[in-house]
Amino acid sequence: MEGWAGKILDIDLTSGSIETLPLDMEMARLFLGGRGLGARLLWDLVGPEVKPLDPENALIFTTGPITASSSQTSNRFNVSTKSPLTNTLLHANSGGWWGMQFKRTGYDAMIIRGKSETPVMISITEAGISIDDASDLWGKTVFETTEALGQDRNKRNVLCIGPAGENLVRIAAIMNDKERSLARGGAGAVMGSKNLKAIVVEGKEKNKPADKDQFKFMLYETGKLIKASPLTSQALPEFGTTVVMNVVNEIGALPTRNFQESQFEDAHKISGETITDTILVKNQACWACPITCTRITKTASGEEGEGPEFESAWAFGAQCGVGDLDAITEANFLCNDLGIDTISMGNTIGCAMEMAEKGFIDNDLRFGDATKFKELIRETAYREGLGDDLAEGSYRLAEKYGAPELSMTVKKLELPAYDPRGMQGQGLVYATSNRGACHETGNMLGPEVLSLPRLIDRFATQGKAGIVSVHQNSAAVIDSLVYCKFSAMAVAEEFFARTLTAVTGQLFTADDLMKVGERVWNLERLYNLREGFTSADDTLPDRLLNVPVAEGPSEGFVANLDPMLVEYYQFRGWDENGVPKPEKLEELGLAELVQPVM
Amino acid sequence: MIDQRLYEEFRDIGRDIFVTGMTSSHGGNMSVRVGDKIIIKRRGAQLGRLKRTDFVETSFKGKDSGIIRASTELIVHRAIYEKTSALAVVHAHPRTAIVLSLSRDEIIPIDNEGSYLLRKIPVVTVELASGSKEMAEKVSDALQGYKVIMQRGHGCFAVGQTLEEAYAWVSALEEVSDIILEHKLMGEEMIEYRKHSEGYKNW
Amino acid sequence: MAQVKLFGGLQRKAGTTAVTIPGSNIQALLQNLFVTHPELETAVTDDQHHLQPHVRVMVNGHDIELGDGLETAVTDQDVIAIFPPIAGG
């Protein structure tokens, strides 16, 4: 294969049929792969009449044209489905080895529909493709399942759900290569609803570049820039993603105790510096990645595993008022083993802590108390006691007990680790993200804090919409190629375009890629509109819009969303209701899609 | 219409472009994209002495009251915003780069920093300069794959997410060009120190 | 004297997470910092005395790049934070 394998595996678990479909190459050119191809396939397959946990929902795994090419960070893959947490289109991506290995089986994507009557797993190996009984695996944890199925670094890779996915926990993740996750939005529950426990892949095919010389040159240049950037060659390897804990705290944008404050007094105890000084065993890399940001850590009680990343350390840390790094790390390990999204889990526990302190739920849970983490995570995975409510995510939990204003969510997805009152652009990112509150769809940490590519005033609102849109489009195309966003800290879209050109033999410019990103973003928007979402859903929790930060560098600020949103719709070529105008759809080649329905 | 922060950015960068000799007193122009509007330097305003009243707000397409007062090269800025993901555009007249553009179809840096940052700057030829349709088309096409490009015998256009980023490309281009010119004047053979540097020709 | 907090690799280089340093603006304060902690100089500034790429300096949580740069005034009550290149999220 040169970029695309040209084939999609189509599996129906209800009938047990396994088919191979040709990849529509025009679709591939317009949406590339990954998140873009996933959204495009989902548009056709899963309409508004389908509920997320119905057998009719599809779980679509996609790779991109550069996946498995050995270009730096070309290991990632994507899953697209309708989210049981948000009811929006969901895309989630993950690194490790599985994505590269799946691509090597000779497929660009895999559509899984229907529902098996009994627990099953899928094997894709040289021996063939089969749907096999997995009754003996049902109930096993992620680590147990991964080991039982013979995970073997870059030869045989396992993707599976844990008990949380089996029990339809709305914040359940799909895990791959033991501790990597397709975390957000509850894709694990969709997999569980299909009675699908695991997918094992072994592949031999190679993604060989069409233009070998140009590909080699791009490998060299990209490697040179990754080495030259202190971000990718020093900061990430030495301290991991959690190195940003202190800076986000320093500027007064680290949400603390369920976003009641924006600075955490114990931030330094849960920072990347402290992780490196205390629990770090070694760092590790995903396939074909020179950056090595993964942390392998070991707590005082001897538990060892991957993490915590910045978001997880924040979710169980500042969000819950907890400065105990060992407790946070072990909570992270347990989420990985049971298959739960750490951001949503920690955020939801923080919400429950505030509800308990304010008397909305009868529980002695309190901010700062980490002793209940493991119990609560287990109860969530198995839907026992309060865990049965936590399993529904923060929004449904808070609404059930009469305090929806305490839920820090957008479109029912839990907010990550940046307080938009101290980073105005990030608020716009959260409010407009197509999968609900998410930083990965257009993170403003770069421009608003780290000066990447240039520093802009984090409190300003004028001009933010454009920067947010460009970052969203860029993230969408990186997720479609599929690259890791950390490689984008050293190289820009022009590198991705030239590598893609070398791999596929088809010419792509940087702005062709940005156009793909814009197309993907608009298609996702159309999908959510078709589901009944409106501009009223492009909002933030009341606390962030109306309660000013009480002290610290962001004192007095609320999230000033309205003017940014007006500018955003204008920038995007959408009408005042946030609906893409016909001429915008025409420009992006999406007009034909919406003719019958809008 | 233009907030204090954005005004200061225009003013400071305008001054930098003028004092570093990359435009004459009334030459050069800059714009940013805000929502569905373009904010651009007023026609005739001095880049080195921008006042709050020196800006015009205009739409992306079509005619509006802003057009007449806007910089004559508005049409080029519009085309760039339409065809690329740029949020800011800087147009200047960096002298050495203009000199090189007279005899070259591309400027390929020979210094280390310039190679890292730019790798290659294409040169486009335009028959009718100063705000022609041809110029708008050729310049915006070239900017789809590059952050800064030269128009032969005229000047450069650079894009970025902010004015500062676009200005940084202009500044880097002129440094690259100065080094090429001085090396050429010195007349000694260059010792290639960059691995795979032949790849920059195809960049 | 203002409190100066050090982060990332600067903590290891200096062997501490915070120091108190005199100086009426950031430029003066950095010069004084490099007298007591010469090991920090090349990590924070280049040979032209500009900040190294990606180094962030904040006064009370506000980046000096949006203030008066190295001339940003400092009082004894201010808290200065110096970050080496960092990335993540």
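Residues numbered from 1 in each chain as written. Chains lettered and ligands numbered in written order. Predicted model: local features only at pLDDT ≥ 70, side-chain atom pairs only at ≥ 80, totals over all residues.

Engineer: What should I look at first to understand the overall build of chain A in this one?
Structural biologist: In terms of regular secondary structure, chain A is built from 25 helices and 17 strands. Here the C-alpha radius of gyration of chain A, 22 Å, is about what a compact globule of 598 residues would show, namely 25 Å. Across the 598 residues in chain A, those meeting the buried criterion constitute 65%. Long-range contacts, defined as pairs at least 24 residues apart, comprise 71% of the intrachain contacts of chain A with a sequence gap of at least 6. (Helix = DSSP H or I, 4+ residues; strand = E, 2+ residues; numbered from the N terminus. Rg over C-alpha atoms; globule rule 2.2 N^0.38 Å. Buried ≥ 20, exposed ≤ 12 C-beta atoms within 10 Å, placed from the backbone. Contact = placed C-beta atoms within 7 Å.)

Engineer: Just to check I follow, could you spell out the interface of chain C and chain A for this structure?
Structural biologist: Interface extent is often summarised as the accessible area lost during association of the parts. Contacts between the two partners involve 20 residues from chain C, matched on the other side by 29 residues from chain A. Of all the elements in the fold, those that place two or more residues in the side of chain C that touches chain A are helix H1 (9-14), strand S3 (56-59), strand S4 (62-63) and strand S5 (79-83) of chain C. Counted by class, the side of chain C that touches chain A contains eight nonpolar, nine polar and three charged residues. (Nonpolar A, V, L, I, M, F, W, Y, C, P; charged D, E, K, R; others polar.)

Engineer: Got a minute to help me understand helix H21 (residues 510-530) of chain A in this structure?
Structural biologist: An α-helix turns once every 3.6 residues. As a result, residues three or four positions apart point the same way. All names here are of chain A. The end-to-end C-alpha separation of H21 is 30 Å, in line with the 30 Å expected for 21 residues at 1.5 Å each. Of all 21 residues that make up H21, 19 are buried, and the element is covered over most of its length. With its phi angle positive at about 105°, glycine 532 sits one or two positions after the end of H21. (Expected span 1.5 Å × (residues − 1).)

Engineer: Teacher, can you tell me more about the sheet that holds S3 of chain C here?
Structural biologist: Either a parallel or an antiparallel arrangement is found when strands of a sheet pair, and the pairing is made through backbone hydrogen bonds. All names here are of chain C. On the basis of which strands lie adjacent, the open sheet formed by five strands has the order S2-S1-S5-S3-S4 and mixed pairing. The sheet is open, and its two borders are formed by strand S2 (18-21) and S4, each paired with just one other strand. Taken together, the two bridges between S3 and S4 define a ladder with antiparallel strand orientation. Paired with methionine 58 across the strands is aspartate 63, a residue of S4. The strands touched by helix H2 (residues 26-36) are strand S1 (2-6), S2, S3 and S5; relative to S2, the strand with the most contacts, the crossing angle is about 115°. (Pairing = 2+ DSSP bridges. Axes fitted to C-alpha atoms, helices over the stretch in contact; angles between N-to-C directions.)

Engineer: When you look at the arrangement of the chains in this model, what are you seeing that I'm missing?
Structural biologist: The assembly contains two pairs of chains in contact; the pair sharing the most contacts is chains A and C. Chain B shows no contact with chain C. Their nearest C-alpha atoms sit 9 Å apart.

Engineer: Explain the sheet that holds strand S9 (residues 157-160) of chain A to me, please; I cannot follow it from the model alone.
Structural biologist: Residue and element names in this part refer to chain A. Pairing in this open sheet of six strands is mixed, and the strands run S8-S7-S12-S9-S10-S11 from one edge to the other. Looking along the sheet, the strands with just one partner apiece sit at the ends: strand S8 (128-133) and strand S11 (180-182). Across the sheet, the axes of successive neighbouring strands diverge by a mean angle of 20°, strand direction being ignored. When strand S10 (residues 174-176) meets S11, the two strands line up antiparallel, connected through three bridges. Residue methionine 175 lies in a different strand from S11, and its bridge partner there is serine 181.

Engineer: Could you clarify how one ought to interpret the nonpolar core in this entry?
Structural biologist: If you look at the biggest cluster of nonpolar residues, it comprises 277 residues, and the most contacted ones within it are Ile340 of chain A together with Ile149 and Val170 of chain B. Apart from the residues within four sequence positions on either side, valine 170 of chain B is in contact with Met22, Val90, Ala92, Pro94, Val148, Cys156 and Ala158 of chain B. (Core = buried A, V, L, I, M, F, W, Y, C linked by C-beta atoms within 7 Å.)

Engineer: Can you help me understand the environment of phenylalanine 34 of chain C in this one?
Structural biologist: Residue and element names in this part refer to chain C. Examined against the element boundaries, phenylalanine 34 turns out to sit in helix H2. For phenylalanine 34, a count of 17 C-beta atoms within 10 Å corresponds to the partly exposed category. Measuring from C-alpha to C-alpha, the distance between phenylalanine 34 and threonine 45 comes to 10.0 Å, with 11 residues separating the pair along the chain. Dropping the residues within four chain positions of it, phenylalanine 34 is found in contact with Leu40 and Glu41.

Engineer: Hey, could you run me through the interface of chain A and chain B in this one?
Structural biologist: In this assembly, 25 residues from chain A lie in contact with 23 residues from chain B. Mapped onto the side of chain A that touches chain B, the elements with two or more residues apiece are helix H7 (212-228), helix H19 (464-481), H21 and helix H23 (561-572) of chain A. It is H19 of chain A that provides the largest number of residues to the side of chain A that touches chain B, a total of five residues. In terms of residue class, the side of chain A that touches chain B is made up of 13 nonpolar, seven polar and five charged.

Engineer: How do you make sense of the environment of leucine 365 of chain A when you look at a structure like this?
Structural biologist: All names here are of chain A. One can find leucine 365 in the loop between helix H13 (342-357) and helix H14 (373-382). The class of leucine 365 is partly exposed, set by 19 C-beta atoms lying within 10 Å. Remark: the alpha-carbon pair of leucine 365 and phenylalanine 143, spanning 222 residues in sequence, is separated by 29 Å. Leaving out residues up to four positions away in the same chain, leucine 365 has contacts with Ala352, Met353, Ala356 and Lys372.

Engineer: Would you mind going over the domain arrangement of chain A with me for this structure?
Structural biologist: Residue and element names in this part refer to chain A. According to the domain assignment, chain A consists of domain 1 (7-201), domain 2 (238-412) and domain 3 (424-489 + 509-594). Each of domain 1 and domain 3 has a C-alpha centre, and these two points are 27 Å apart. Each partner contributes to the interface: domain 1 provides 35 residues, whereas domain 3 provides 25 residues. For the side of domain 1 that touches domain 3, the secondary-structure elements that each account for two or more residues are helix H1 (25-31), helix H2 (34-45), strand S4 (77-82) and strand S5 (89-94). Partitioned by chemical class, the residues of the side of domain 1 that touches domain 3 number 13 nonpolar, 18 polar and four charged. (Domains from an automatic or database assignment.)

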